[in-house]
Amino acid sequence: MKSLNGTYSLSAEQKQFYRENEFIKLKNVLSADEIAYFETVITDQVSRLSPNLAPLEARDTYGKAFIQITNIWKRNEAVKQLVFSTRLAGIASTLMQVDGVRLYHDQALFKEAGGGYTPWHADQYYWPLESPKCITAWIPLQQTSLAMGALEFSAGSQHLLSARGLAISDDSEVAIEQMLTASGCDRVIEPFDLGEVSFHSGWLYHRAAPNTTEHTRKVMCVIYMDKEMILKAPSHADQQRDWHTWCPGARVGEPIDTPLNPILFETN
Ligand SMILES: O=C(O)CCC(=O)C(=O)O
């Protein structure tokens, strides 16, 4: 496996686009060989680590949306190479305009054939993080059509405050859809080429359609935060759970510096 530690250059227009819209889709971040390699490794990990799931029709909306396997980097050296890659972490750091990034956590999100929609939501509802300097790299492990459930973004919606208290649910889908329609924010839904990766910020609203194909939509995510990120007092039980799951031992009001949150990129 070639090193993933090269640099991916972002143009001034791309940086400006992210500053305004807080998401971006970038082509050729990974090569076809790299995707093929990680598709095999991550599929193997997901099948080993997946719990015995009820049939799709018996699950709730969250359960139908995807199989979610987290912090795979702790169990597999090859996945650790991807999660720790400075190519990806450097993009995250540049887009957020910070001096470096730490890992918040990783997760595979596999939307099964026939799997349901992912309701509109903003990730930072779940995260006990003091600042908005956090970002998800959404890394499809195949070419991803709209029919498979490509990620959809509401451009610039990070400024909308009224739905920030909503967890992922059928209710968030309806309420956020109404808020976004009224806001006039553009909806961006496009297929992903092989090797294309998107980045979106913690408060940016996004969703995905159901997977109506016969193939699983395989995606790996890496979630980064500013290396100086401070833990905030949790506002509700979901943030309390995230604290103990993703940064156990971190203290409220202090930088999140635990063994689960290594620095992955620094500018100097
Ligand atoms: O993959 C999906 O369907 C949803 C992904 C998502 O919500 C995220 O990466 O923040």
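Scroll up a little and you will see the structure.
Computed from a predicted structure; not experimentally measured. (Residues numbered from 1 in each chain as written. Predicted model: local features only at pLDDT ≥ 70, side-chain atom pairs only at ≥ 80, totals over all residues. Heavy atoms only, no water.)

K.L.:
Help me understand the site of the ligand, please; the structure alone is not making it clear to me.
P.N.:
Around the ligand, a shell composed of 14 residues is seen, among which Thr118, His121, Trp138, His206 and Arg217 lie nearest. Separating an oxygen atom of the ligand from a side-chain N or O atom of Asp123 is a distance of 3.0 Å. Between the ligand and the protein, one listed contact pairs an oxygen atom with a side-chain N or O atom of His206 at 2.9 Å. Considering the ligand on its own, with 290 Å² of exposed area, one finds that the protein chains cover 96% of that surface. The set of elements that each furnish at least two residues to the shell around the ligand consists of strand E3 (100-111), strand E4 (118-121), strand E5 (134-140), strand E9 (206-208) and strand E10 (217-226). Per-class residue counts for the shell around the ligand are six nonpolar, five polar and three charged. (Near = heavy atom within 4 Å. Polar contact = N/O pair within 3.5 Å; in protein donor to acceptor, adjacent residues only side chain to side chain. Areas by Shrake-Rupley, 256 points an atom, 1.4 Å probe, with all protein chains shown as cover. Helix = DSSP H or I, 4+ residues; strand = E, 2+ residues; numbered from the N terminus. Nonpolar A, V, L, I, M, F, W, Y, C, P; charged D, E, K, R; others polar.)

K.L.:
Where do I start with the sheet that holds E9 in this structure?
P.N.:
Within a beta sheet, neighbouring strands are joined by backbone hydrogen bonds and run either parallel or antiparallel to one another. Within the open sheet, the four strands sit side by side as E4-E9-E6-E7. Their pairing is antiparallel. Edge positions in the open sheet fall to E4 and strand E7 (187-189), since each of these has one partner strand only. Within this sheet the neighbouring strands show an average axis-to-axis angle of 20°, counted without direction. Bridging between strand E6 (residues 151-154) and E9 involves three bridges; their strand directions are antiparallel. Looking at E9, one finds that Glu152 is bridged to Arg207. (Pairing = 2+ DSSP bridges. Axes fitted to C-alpha atoms, helices over the stretch in contact; angles between N-to-C directions.)

K.L.:
Just to check I follow, could you spell out the environment of Trp138 for this structure?
P.N.:
Within the secondary structure layout, Trp138 lies in strand E5. Given the relative accessible area of 2%, Trp138 is considered buried. Through-space distance from the C-alpha of Trp138 to that of Val222 is 7.0 Å; in sequence the pair is 84 residues apart. When sequence neighbours within four positions are dropped, the list of residues in contact with Trp138 reads Gly149, Ala150, Leu151, Phe192, Val197, Ser198, Arg217, Val219, Met220 and Cys221. (Buried < 20%, exposed > 50% of the residue type's maximum accessible area, 1.4 Å probe, protein only. Contact = heavy atoms within 4.5 Å.)

K.L.:
Just to check I follow, could you spell out the pairing of E10 for this structure?
P.N.:
Within a regular beta strand, the side chains point alternately toward one face of the sheet and then the other, so they alternate between its two faces. Of all the ten residues making up E10, ten are buried; the element is thus mostly covered by neighbouring parts of the structure. Pairing analysis gives ten bridges linking E3 to E10, with the strands arranged antiparallel. Directly across from His105, in E10, lies its bridge partner Ile223. Of the strand pairs in this sheet, E5 and E10 are connected by seven bridges, and their pairing is antiparallel. Bridge pairing links Thr136 to Ile223 in E10.

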